[in-house]
Amino acid sequence: MQVQLSKYVVELKDEMSWGDAEQIQAEIISSLRIDTDAKKEIQAKGDSFNMSKLQMDGPAMLRAKVLAAKLLITKITQVEGDKVVPFSQDWLFGLSVTDGVKLSTEVDAIRNK
């Protein structure tokens, strides 16, 4: 699959592998924080635990989004000069908001298949 951005053509995998999905899930799960009272409730109630007592680390969610892009992007080609550009977080964060949202939407669509 290709995504046309203003200055780049980005090629993505059509589908996420099991390993890719597990890596992203591990990043997200690592961000969960559970206080002592919540741990006791989980042990006592199991599946009926009140999920609102979990806290999630916002920066970890961002790391998961960057990891998803890194795992799904197979090639980045600069439109001007047809130069292949390596993926990096700096490249991703340097995209315009419009391009970033467009790419993120496509990455999310693949993740949610």
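### Describing the confidence of the model for the protein
Here comes step 1: Of the residues in the protein, 81% have a pLDDT of 70 or more, and the chain-wide mean is 87.
Here comes step 2: Looking across the protein, the model is least confident in helix α2 (residues 36-45), with a mean pLDDT of 64, and most confident in strand β2 (residues 8-12), with 98.

### Brief notes about the packing of helix α1 (residues 18-29) against helix α3 (residues 58-72)
When two helices pack together, their arrangement is given by the angle between the helix axes and the distance between those axes.
Here comes step 1: Packing of α1 against α3 leaves a shortest axis separation of 8 Å and a crossing angle of 165°. By the angle between their directions, the pair α1 and α3 is classed as roughly antiparallel. In the crossing of α1 with α3, the sense of the turn from one axis to the other is right-handed. Residues Asp20, Gln23, Ile24, Glu27 and Ile28 of α1 lie in contact with α3, whose contacting residues are Ala60, Met61, Arg63, Ala64, Leu67, Ala68 and Leu71.

### Things to note about the packing of α3 against helix α5 (residues 97-111)
Here comes step 1: Contact geometry of α3 with α5 gives a least axis separation of 10 Å together with a crossing angle of 80°. For the element pair α3 / α5, the angle class is roughly perpendicular. Seen from α3, the contacting residues are Lys65, Ala68, Ala69 and Leu72; seen from α5, they are Ser104, Val107, Asp108, Ile110 and Arg111.
Here comes step 2: Classifying every residue of the contact of α3 with α5 by side-chain character gives 5 nonpolar, 1 polar and 3 charged.

### Re the side chain of Thr77
Here comes step 1: Within the secondary structure, Thr77 is located in strand β5 (residues 73-78).
Here comes step 2: With a relative accessible area of 13%, Thr77 lands in the buried category.
Here comes step 3: Contacts of Thr77, omitting those with residues within four sequence positions, involve Lys7, Tyr8, Val9, Asp82, Lys83 and Val84.

### A look at the environment of Gly100
Here comes step 1: By secondary structure assignment, the location of Gly100 is in helix α5.
Here comes step 2: For Gly100, a relative accessible area of 25% translates into the label partly exposed.
Here comes step 3: Separated by 95 residues in the primary sequence, Gly100 and Leu5 place their C-alpha atoms 8.7 Å from one another.

### What about the sheet that holds strand β1 (residues 2-4)?
Two pairing modes exist for strands in a sheet, parallel and antiparallel, and in both the strands are linked by backbone hydrogen bonds.
Here comes step 1: One open sheet accounts for 3 strands, arranged β1-β2-β5; its pairing is antiparallel. A single partner strand is all that each edge strand has here, and the edge strands are β1 and β5. Direction aside, neighbouring strands of the sheet carry axes that sit 20° apart on average.
Here comes step 2: By the bridge criterion, 3 bridges tie β1 to β2 in an arrangement that is antiparallel. Following the sheet pairing, Val3 is matched in β2 by Val10.

### Section: the pattern of salt bridges
Here comes step 1: Applying the stated criterion across every chain, the model contains 4 salt bridges.
Here comes step 2: One salt bridge connects Lys13 with Asp20, and the closest N-O pair in it is separated by 2.9 Å.
Here comes step 3: We classify Lys13 as partly exposed; its relative accessible area is 29%.
Here comes step 4: Salt-bridge contacts for Lys65 lead to Asp108; the nearest nitrogen and oxygen are separated by 3.6 Å. Here Lys65 is found in helix α3, whereas its partner Asp108 is found in helix α5, with 43 residues between them in sequence.
Here comes step 5: Here the salt bridges share partners, and the residues they tie into one network are Lys65, Asp108 and Arg111.

Reading the values: the criteria
- Residues numbered from 1 in each chain as written.
- Predicted model: local features only at pLDDT ≥ 70, side-chain atom pairs only at ≥ 80, totals over all residues.
- Heavy atoms only, no water.
- pLDDT = per-residue confidence, 0-100.
- Helix = DSSP H or I, 4+ residues; strand = E, 2+ residues; numbered from the N terminus.
- Axes fitted to C-alpha atoms, helices over the stretch in contact; angles between N-to-C directions.
- Parallel < 35°, antiparallel > 145°, perpendicular 65-115°, else oblique.
- Left-handed = near helix turned anticlockwise from the far one by under 90°.
- Contact = heavy atoms within 4.5 Å.
- Nonpolar A, V, L, I, M, F, W, Y, C, P; charged D, E, K, R; others polar.
- Buried < 20%, exposed > 50% of the residue type's maximum accessible area, 1.4 Å probe, protein only.
- Pairing = 2+ DSSP bridges.
- Salt bridge = Lys/Arg side-chain N within 4 Å of Asp/Glu carboxyl O.

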